[in-house]
Amino acid sequence: MTLEQNQIQKLVSYLENFDKGNIINPSNINSKLGLKDKESQKLFSVLSSFGAFQHVYRYYCPNCNNLSYEIYNSLDEINKVEECEECYHDLPQEKYKYIAIYFKVIRDE
Ligand SMILES: [Zn+2]
């Protein structure tokens, strides 16, 4: 993937709106930069490797279509969840298919 210089500048100024501990949905970056889902995911993965972000996760419930309010720091944590916090329906075993990845800002101000 190659990013145009102006995309990088847009991204940097967009990210300045976030404080430490804020959660960023990578999909929101797409409209800002004109990126596809996969491109922004990849971009954030690269940025995570610099220590600016950490991955956090929410599960998506296929029964009630809700995303969990709870945000999980690891896939291990989310795999231990057995039922939806909203509708109490059992969550599917193959939870990796129903996970939304977000990024938590961890850089120092
Ligand atoms: Zn549910």
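Quick notes on the rules
- Residues numbered from 1 in each chain as written.
- Predicted model: local features only at pLDDT ≥ 70, side-chain atom pairs only at ≥ 80, totals over all residues.
- Helix = DSSP H or I, 4+ residues; strand = E, 2+ residues; numbered from the N terminus.
- Buried ≥ 20, exposed ≤ 12 C-beta atoms within 10 Å, placed from the backbone.
- Contact = placed C-beta atoms within 7 Å.
- Axes fitted to C-alpha atoms, helices over the stretch in contact; angles between N-to-C directions.
- Parallel < 35°, antiparallel > 145°, perpendicular 65-115°, else oblique.
- Left-handed = near helix turned anticlockwise from the far one by under 90°.
- Nonpolar A, V, L, I, M, F, W, Y, C, P; charged D, E, K, R; others polar.
- Pairing = 2+ DSSP bridges.
- pLDDT = per-residue confidence, 0-100.

**Student:** How would you sum up the overall build of the protein? Please name residues and give values.
**Tutor:** Looking only at helices and strands, one finds four helices and three strands in the protein. Starting at the N terminus and walking to the C terminus, you meet the elements of the protein as α-β-α-α-β-α-β. Burial status across the protein gives 14% buried among its 109 residues. Taking as baseline every contact in the protein between residues at least 6 positions apart, the subset at least 24 positions apart corresponds to 52%.

**Student:** Please set out the packing of helix 1 (residues 5-15) against helix 2 (residues 26-33) residue by residue, giving values where relevant.
**Tutor:** Put simply, helix 1 and helix 2 touch, their axes get as near as 10 Å, and they point 130° apart. Relative to helix 2, the element helix 1 lies oblique. In the packing of helix 1 onto helix 2, the handedness of the crossing is right-handed. Within the contact between the two elements, helix 1 uses Gln-7, Lys-10, Leu-11 and Tyr-14 and helix 2 uses Ile-29, Lys-32 and Leu-33. When its residues are assigned to classes, the contact of helix 1 with helix 2 shows four nonpolar, one polar and two charged.

**Student:** Let's hear about the sheet that holds strand 2 (residues 53-59): which residues, and what values?
**Tutor:** Overall, antiparallel pairing links the three strands, which are arranged 1-3-2 in an open sheet. Every other strand in the sheet has two partners, leaving strand 1 (23-24) and strand 2 as the edge strands with one partner each. Sheet topology note: the strand 2/strand 3 (residues 99-105) ladder contains seven bridges and is antiparallel. What sits directly across from Tyr-59, in strand 3, is Ile-99. Together, strand 2 and strand 3 form the strand contacts of helix 3 (residues 37-49), whose direction differs from that of strand 2 by roughly 130°.

**Student:** Describe the pairing of strand 3, naming the residues involved and giving the relevant values.
**Tutor:** Relative to strand 3, strand 1 runs antiparallel, the two sharing two bridges. Bridging across to strand 3, Ile-24 finds its partner in Phe-103.

**Student:** Quick rundown of the confidence of the model for the protein? Include the residues and the values.
**Tutor:** Looking at the protein as a whole, its pLDDT mean stands at 84, while 94% of the residues score no less than 70. Ranking the elements of the protein by mean pLDDT puts helix 3 last, at 75, and helix 4 (residues 75-79) first, at 91.

**Student:** Could you give an account of unusual backbone geometry, naming the residues involved and the relevant values?
**Tutor:** The phi torsion at Asn-65 lies on the positive side, around 65°, for a residue other than glycine. For Asn-65, the position within the fold is in the loop between strand 2 and helix 4. The exposure class assigned to Asn-65 is exposed, which follows from the 9 C-beta atoms found within 10 Å. In this structure, Tyr-88 takes a positive phi of about 60° despite not being glycine. Relative to the assigned elements, Tyr-88 resides in the loop between helix 4 and strand 3.

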